[in-house]
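Structure assessment
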Amino acid sequence: MTSPNQTFRVLNGAGRAPVVLLCDHASHAVPPELGDLGLSQEQITRHIGWDIGAAALTEKLSQALDAPALLAGYSRLVADINRAPDDPTLICEISDGVLVPGNRNLSPAERQRRIDAYFTPYHAAVAAAIDAALQRSALPAILSIHSFTPSMKGRQRPWHAGILWNQDGRLALPLIQALREEPGLVVGDNEPYSGRSQAGFSIREHGERRGLPHVLVEVRQDLISDEAGVAEWAVRLERCFRRILAESGVAVLAA
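Rules used in this analysis
Residues numbered from 1 in each chain as written. Predicted model: local features only at pLDDT ≥ 70, side-chain atom pairs only at ≥ 80, totals over all residues. Heavy atoms only, no water. Pairing = 2+ DSSP bridges. Helix = DSSP H or I, 4+ residues; strand = E, 2+ residues; numbered from the N terminus. Axes fitted to C-alpha atoms, helices over the stretch in contact; angles between N-to-C directions. Buried < 20%, exposed > 50% of the residue type's maximum accessible area, 1.4 Å probe, protein only. Parallel < 35°, antiparallel > 145°, perpendicular 65-115°, else oblique. Left-handed = near helix turned anticlockwise from the far one by under 90°. Contact = heavy atoms within 4.5 Å. Nonpolar A, V, L, I, M, F, W, Y, C, P; charged D, E, K, R; others polar. Expected span 1.5 Å × (residues − 1). Arc of directions from axis to C-beta. Salt bridge = Lys/Arg side-chain N within 4 Å of Asp/Glu carboxyl O.

**Side note on the sheet that holds strand 11 (residues 214-220)**
Overall, mixed pairing links the seven strands, which are arranged 1-3-2-6-11-9-10 in an open sheet. Single-partner strands in this sheet number two, and they are strand 1 (8-11) and strand 10 (187-189). Across the sheet, the axes of successive neighbouring strands diverge by a mean angle of 20°, strand direction being ignored. The pairing of strand 1 with strand 3 (residues 69-72) spans four bridges and is antiparallel.

Structure (structure tokens):
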């Protein structure tokens, strides 16, 4: 299902698993009323515009786990829905050295319009999906799927995946351990970003605030940039999620 203005998509809304998948940076689309934000197609399809591979990975996991998934419909450059509404980086004027002309010198009214049009509907849909999951389980898990660029500001990033969390390690800590047991993987604990920074609004809002187990997973983009990579990581994460959800007492997922 897609929202009327493309703000978000809901996949497998009737999924039976006590899990809700989130993909905050699923799309590089820009709403028609904003044109191209002054950027070329090449620029906006880079990592600054979306999390490459994350949507495809979320879709695979939604099917594999039989879990509903919420995927944002617009680029993070329109409004980054994984930032708090009062965060200055919600609408960035520059991203990884690229100026975003369509975001410069926004009036307070335009900033609020974007929050109302693109940010609020997505988070309302996430809250509704979690409410529905609470009818299936007393403790549904929130799994947020992201990806990160292999290098940033001239520095190579050695991690294959990173697990972000703040105060609640019920899922994060066993997931880090499970992934580190996989042959050849380098797994970051709050790397390359930290769940204790502004980068984890969605899991804090929908997981931490509601007392639900949650985790944010980052996979390096070159590992999920094609179908084979997405399939490999979907199998890996499904296996790990099933294990840690069962061992933590959250849920035993149906095969």
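**Digging into unusual backbone geometry**
Trans peptide bonds make up most of the peptide bonds, and negative phi angles are found at most residues other than glycine. The omega angle of the peptide bond from Glu191 to Pro192 is 0°, so this bond is cis rather than trans. Assignment of secondary structure puts Pro192 in the loop between strand 10 and helix 5 (201-208). Even without being a glycine, Asn190 presents a positive backbone phi close to 55°. Residue Asn190 is classed as buried on the basis of its relative accessible area of 9%.

**Looking at the packing of helix 4 (residues 172-180) against helix 6 (residues 227-247)**
In a packed pair of helices, the relevant descriptors are the angle between the two axes and the axis-to-axis distance. Look at helix 4 against helix 6: their axes get within 10 Å of each other, and the N-to-C directions meet at 130°. What the angle tells us is that helix 4 and helix 6 run oblique. Judged by the sense of rotation from one axis to the other, the crossing of helix 4 with helix 6 is right-handed. Where helix 4 abuts helix 6, its residues Pro174, Leu175, Ala178 and Leu179 lie against Trp233, Arg236, Leu237, Cys240, Phe241, Arg243 and Ile244. Of the residues contributing to the contact of helix 4 with helix 6, the split by class is nine nonpolar, no polar and two charged.

**A closer look at helix 2 (residues 54-65)**
Here helix 2 spans 16 Å end to end across 12 residues, near enough to the 16 Å set by a 1.5 Å rise per residue. Three or more residues of helix 2 are buried, namely Ala54, Ala55, Leu57, Thr58, Leu61, Ser62 and Leu65. Buried residues of helix 2 fall within an arc of 160° about the axis and therefore sit on the same side. Among the structural elements, strand 1, strand 2 (19-23), strand 3, strand 6 (141-148), strand 11 and helix 6 are those in contact with the buried residues of helix 2. Trailing helix 2 by a residue or two, Asp66 shows a phi angle of about 55°, which is positive.

**With respect to the pattern of salt bridges**
For the structure shown, the criterion picks out 18 salt bridges. Put simply, Asp80 and Arg83 hold a salt bridge, and the shortest N to O gap is 3.7 Å. In terms of burial, Asp80 and Arg83 fall into one category: buried. Among the ionic contacts, a cluster of salt bridges with common partners joins Asp51, Arg76, Asp80 and Arg83.

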